[in-house]
Amino acid sequence: MFNDRPARSASPPPGVRSAQSVLEHVFGYRSFRGSQQAIVEHLVAGGDALVLMPTGGGKSLCYQIPAIVREGVGVVVSPLIALMQDQVDALRLAGVRAAFLNSTLDARSAREVERDFATGALDLLYVAPERLLTDRFLDLASRASIALFAIDEAHCVSQWGHDFRPEYIRLSVLHERFPQVPRIALTATADAITRREIVARLALEDAALFVSSFDRPNIRYRVVEKDGAREQLARFLRGRPAGDAGIVYCQSRRKVEETAQWLERLGHTALPYHAGLDAQLRRTHQQRFLREDGVVMVATVAFGMGIDKPDVRFVAHLDLPQSLEGYYQETGRAGRDGEAAEAWLAYGLADVVMLRNRIDESGSPDEVKRVERQKLDAMLGYCETTRCRRRVLLDYFGETLDAQYRCGNCDNCLEPPQTVDGTVPAQKLLSAALRTGQRFGAGHLIDLLTGKATPRMVQFGHDRLPTFGVGSEFDETGWRAVARQLVAAGYLHANAERYGALQLTEPARALLRGEVKIELRCVSRRDMRTRERASRAGRAAVPAGVDAALLEALRALRRRLASEQGVPAYVVFNDATLTEMALLRPRSESELRRVNGVGDTKLARYGEAFLQVLRAAG
Ligand code: ADP
Ligand code: ZN
């Protein structure tokens, strides 16, 4: 572990350093992002704040800078113990006096940290909630000078969320015992119920509220119709630069294992992660994902909160998530550093049928089922939309955009889908289901429409039906898309007790009689491939103007320095900083200092090594 103490303090006497100067010299950034500046100023002036900002929005600086600017130690409460070491290492590399207190420290080291806290020899102290709530710590705190309390992952106070931490409820003690110390609570969970709970439980009624847009403009959203999903994933990965880290989400443990093995055989570094794995192995895989370049984590949703890796370049879903909230949270783990990232989702009819049936058969109260169905329908609406996907997402989270809005960074904006009046094809499929007694699944109905005289077809005499072979307008892939869209739109229901037999619902009658029309996204295997190729072509391996070899050399140096110091690569410099270096090609320390992300301490520590690589590149 990286453990040497920084030579000098990052915080001279109070009042001397402005927030802007800390931003530039300590963190090496030119300007604040979004509402960061307003939040920092509010805290520096002694106010309380509640900050709702998406993952990757830049929450950390909102309390780190005021903690450095204000007199005393900034105390950060966080439930993510596994991350504290990396956070503290990153701060120390930037020259900030930081430490943490949690159960991973031995007694002697803990005493040392406590002493530094009491004597004000720290700028920032990260504390686990259970540790903070001990009498010992609270007594220590009442004698120390405290710049602020930051409550990270504040949604953990919510008993309704899955990240609930009972200790979080007791954090109101901070307000009672230290009423004069400013507090800032931060979360990436946006909904109004959670927000109200945070305010009430942490006594933040008088806090200023800062809500950022939840848009993640650097994430490119893409949804593909399943057609050999594993091969589609392989092609997706092949089209990406090697060395990129990513997450592949699957529904089941078995699929996680199988997919990871299969990707390994294709030459990727792929590691499985799910709740059924031994805890030690899970930890090892997580560590490798954080520290090595180019690891693909294949995981169930058990892999999630606290994955603070900023340079995850893609998140792929091989199965349909159950809600847009979940999907947004999972895809939000991509591109926290603001660099281009992709969210890729493959889904098909079987996903829809499986998730619908799971809800139907869950045995939950009707009220719960109703909510779950609504959530799934919103998810399906996102998949099937022909509009800008970002707009659908933001709409769902309550940010209404102009009707003409197009983000230019989702598949529907980049390669607008073809839609057709699907009324006649829909009627063909519905009547095929009716004429065969609503006893057959999509496969058989599609064979029927496309005129395949399979043994089953002949056995049931379906090759003599008038609908046999009337579906020449689409290939098999196209008809599967029609079936899926009819199920997603609620015209067909897949009966789980009858092996997924497709049955007409009440609204289907009106469609069959031609009283309503339906628009369909038209799909054939050929235009799927065309779209796939277009998407690969649109994805540059390296940003325009950047020399790929130079970028790789800079990455190799970063890898070496990081492993020498036992820290993740991004702690040395993040991807954005390396890309800017490769683009600007600084030749001197003063030029290098102008690169966003190069602060004074890192310049002194790493400047020469990076300059050598930059100069060698000519
Ligand atoms: P969050 O905690 O909200 O998910 P972080 O605080 O981890 O986000 O910040 C995400 C990334 O953005 C980090 O790599 C961080 O260094 C970078 N970042 C934050 N603020 C700025 C800024 N003002 N300028 C440039 N990069 C920034
Ligand atoms: Zn769009």
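You'll find the structure just up there.
Described below are features of the structure shown in this document.

### Points about the sheet that holds strand S13 (residues 341–347)
The strand order across the open sheet formed by six strands is S8-S13-S12-S9-S11-S10, and the pairing between neighbours is parallel. The two strands at the open ends of the sheet, each matched to only one other strand, are strand S8 (219–225) and strand S10 (269–273). For this sheet, the mean inter-axis angle between neighbouring strands, taken without regard to orientation, is 15°. With five bridges joining them, S10 and strand S11 (residues 295–299) adopt parallel strand pairing. Within S11, the position partnered with Tyr-273 by the bridge is Ala-299.

### Structural notes on unusual backbone geometry
Although it is not a glycine, Glu-153 adopts a positive phi angle of roughly 50°. When you line up the elements, Glu-153 lands in the loop between strand S5 (146–151) and helix H8 (166–169). Positive phi is not limited to glycine here, since Ala-203 has a value of about 55°.

### A look at the sheet that holds S5
The strands making up a sheet are joined through hydrogen bonds of the backbone, oriented either antiparallel or parallel. As summarised here, the arrangement of the seven strands in space is S3-S4-S2-S5-S6-S1-S7, forming an open sheet in which the pairing is parallel. Either end of the sheet is taken by a strand with one partner, and the two such strands are strand S3 (98–101) and strand S7 (208–211). Strand-to-strand twist across the sheet, computed as the mean angle between neighbouring axes with direction ignored, equals 20°. One ladder, built from four bridges, connects strand S2 (residues 73–77) with strand S4 (residues 124–127); its direction is parallel. By the bridge assignment for S4, Gly-74 is matched with Leu-124. Each of S2, S3, S4 and S5 touches helix H5 (residues 107–118); the most contacted strand, S3, lies at about 125° to it.

### Observations regarding the packing of helix H25 (residues 548–565) against helix H27 (residues 575–584)
Put simply, H25 and H27 touch, their axes get as near as 9 Å, and they point 135° apart. One finds that H25 runs oblique with respect to H27. At the point where H25 passes H27, the crossing takes the right-handed sense. Residues Leu-550, Leu-551, Leu-554, Arg-555 and Arg-558 of H25 pack against Asp-575, Leu-578, Thr-579, Met-581 and Ala-582 of H27. Tallied by class, the residues present in the contact of H25 with H27 amount to six nonpolar, one polar and three charged.

### A look at the site of ligand 1
Of all residues adjacent to ligand 1, which total 16 residues, the nearest are Tyr-29, Gly-56, Lys-59, Ser-60 and Arg-336. For ligand 1, an oxygen atom lies 2.5 Å from a polar atom in the side chain of Tyr-29. Between ligand 1 and Gly-57, the relevant distance is 3.4 Å, taken from an oxygen atom to a main-chain nitrogen or oxygen of the residue. In the complex, the protein chains occlude 84% of the 570 Å² of accessible area that ligand 1 would expose alone. For the shell around ligand 1, the element with the highest residue contribution is helix H3 (residues 59–69), accounting for three residues. Residue classes in the shell around ligand 1 are distributed as four nonpolar, nine polar and three charged.

Each value, and the rule that gives it
- Residues numbered from 1 in each chain as written.
- Chains lettered and ligands numbered in written order.
- Predicted model: local features only at pLDDT ≥ 70, side-chain atom pairs only at ≥ 80, totals over all residues.
- Heavy atoms only, no water.
- Pairing = 2+ DSSP bridges.
- Helix = DSSP H or I, 4+ residues; strand = E, 2+ residues; numbered from the N terminus.
- Axes fitted to C-alpha atoms, helices over the stretch in contact; angles between N-to-C directions.
- Contact = heavy atoms within 4.5 Å.
- Parallel < 35°, antiparallel > 145°, perpendicular 65-115°, else oblique.
- Left-handed = near helix turned anticlockwise from the far one by under 90°.
- Nonpolar A, V, L, I, M, F, W, Y, C, P; charged D, E, K, R; others polar.
- Near = heavy atom within 4 Å.
- Polar contact = N/O pair within 3.5 Å; in protein donor to acceptor, adjacent residues only side chain to side chain.
- Areas by Shrake-Rupley, 256 points an atom, 1.4 Å probe, with all protein chains shown as cover.

Without other data, these values stay purely geometric and don't point to any function.
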